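Working through the structure, step by step
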Amino acid sequence: MRDFLTRLPKAELHLHIEGSLEPELMFVLAERNGVALPYGSVEEARAAYDFQDLQSFLDLYYRGMSVLRTAEDFHDLAMDYFRRAHAEGVVHVEMHFDPQAHRVRGIELPVVMEGLSLARRHAERELGLSSALIMAFLRDREAAEAMAVLEEAAPYWEMLDAVGLDSAERGHPPSKFTEVFMRAAQLGIPRVAHAGEEGPPAYIREALDRLDVCRIDHGVRCLEDPALVARLRDEGMVLTVCPLSNVRLKVVERIEDHPLPQLLEAGLRVTLNSDDPAYFGGGVLDNYLACQRAFGWDEATFIQLAGTAIEAAFIGDARRTELRHRLAASY
Ligand code: HPA
Ligand code: ZN
């Protein structure tokens, strides 16, 4: 099964590139940039990754990214992840990035864009790995700041495959960002949003109704609202689910308790993703393997999941056709 799951051409639709920063690279970049870390060693860093909830993770996540200062750092971060993902049979990566988390540290958008763009070109050329870029807004900061970032990104609008919404969900409903997302819509930029991870099903409804999103990131709490489940199914809405993340952030207690089987049973379009692989115990393949162990799914189920990701990816017709063929040839 491991061979089969490795071979399967997997598209990853939900990854925070800053959350792919492994402690090893964190130490290299800290040294390079003269940044002090709160950890004495790689082992100490990993041992500190013991979270009670989303906020306790976010505190370490924002601290960890303080080592990212130059375009070269962002390039190395993304390339390091692309190489690991490629080795696991990932063929396409859609990465969220958090410009506001860098801007507050004095790292401006052009630095981030230059580094990530260079890495994307390298990955395409060296690994045949395609990618997409999702500029995420931090929902626990003011909507006006998000709007300013969107306007400031004007030179890069063409390069954005979507805008997203992440960070601390509770108390920060999607409706707070209606204007920002309507501006993105006016610019022709697709929209996705985290909703229903820690927040209630009402936030998933708001993301659909107010932000006009084409995918929901997480969305697992939809099951508390049967009418919403029916709506998600009828609209063919895709959920980018991150099972290992949900375990580590205590959205569910154990992987065996994860609602993925119910989501599939309800006829929802589900994909498997890593979220923040350096912090949550593994990449895309590890998430596939964890589900295999927990739920005993057969090959057909994984083919369906991988197929949904290919159909829902921000890619052109030629690449989608190619990935469909690669999927069909992989089993
Ligand atoms: N949830 C919300 N915001 C985030 C996450 C997450 O798992 N990772 C990075 N930002
Ligand atoms: Zn996420």
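Structure's up top.
Now for a description of the structure that goes with this document. Since the structure is predicted, the reported quantities are computational estimates derived from the model, not experimental observations. (Residues numbered from 1 in each chain as written. Chains lettered and ligands numbered in written order. Predicted model: local features only at pLDDT ≥ 70, side-chain atom pairs only at ≥ 80, totals over all residues. Heavy atoms only, no water.)

**Describing the sheet that holds strand E2 (residues 90-97)**
Counted only if it meets this: Strand pairing is assigned whenever DSSP identifies at least 2 bridges connecting the two strands. Comment: elements are numbered from the N terminus, with helices defined as DSSP H or I runs of at least four residues and strands as E runs of at least two. For helices, the axis comes from a line fit to the C-alpha atoms of the stretch in contact; other axes are also lines fit to C-alpha atoms, and the angle between any two N-to-C directions lies between 0 and 180 degrees. Contacts are assigned to residue pairs with any non-hydrogen atoms lying within 4.5 Å of each other.
Spatially, the 4 strands line up as an open sheet ordered E1-E2-E3-E4, and their pairing is parallel. For this open sheet the edge positions go to strand E1 (10-16) and strand E4 (162-166), each flanked by a neighbour on one side alone. Here the average twist between neighbouring strands, direction ignored, is 30°. Judged from the 6 bridges that link them, E2 and strand E3 (residues 130-138) form a sheet pairing that is parallel. Counted as the bridge partner of Val93 is Ser131 from E3. Where helix H5 (residues 71-87) meets the sheet, it contacts E1, E2 and E3, and its direction lies at approximately 145° from that of E2.

**Structural notes on the sheet that holds strand E6 (residues 215-218)**
If you walk across this open sheet you meet the 4 strands as E5-E6-E7-E8, and the pairing is parallel. Since the sheet does not close on itself, it has two edges, and those belong to strand E5 (192-195) and strand E8 (269-272), each with one partner. The mean angle between the axes of side-by-side strands here comes to 30°, regardless of whether they run parallel or antiparallel. Note that strand E7 (residues 238-241) and E8 share 4 bridges and pair parallel. From the neighbouring strand, Val238 faces E8, where its bridge partner is Arg269. The sheet strands contacting helix H10 (residues 201-209) are E5 and E6, and the helix crosses E5 at an angle near 170°. Lying on the sheet, helix H16 (residues 299-312) is in contact with E6, E7 and E8; it crosses E8 at an angle near 95°.

**Some thoughts on the pattern of salt bridges**
To keep it simple, the criterion reads: When a carboxyl oxygen of Asp or Glu is within 4 Å of a side-chain nitrogen of Lys or Arg, the pair counts as a salt bridge. Exposure categories follow from relative accessible area, calculated using a 1.4 Å probe and restricted to protein chains: below 20% of the type maximum is buried, above 50% is exposed, and the middle band is partly exposed.
The full count for this structure, using the stated rule, is 23 salt bridges. Note that Arg254 and Asp257 form a salt bridge whose closest N and O atoms lie 3.1 Å from each other. Of the charged contacts, one joins Arg324 and Glu311 as a salt bridge, the two residues approaching to 2.8 Å between their closest N and O atoms. Of this pair, Arg324 sits in helix H17 (residues 317-328) while Glu311 sits in helix H16, and the two are 13 residues apart along the sequence. Glu311 gets classed as partly exposed once you look at its relative accessible area, which sits at 34%.

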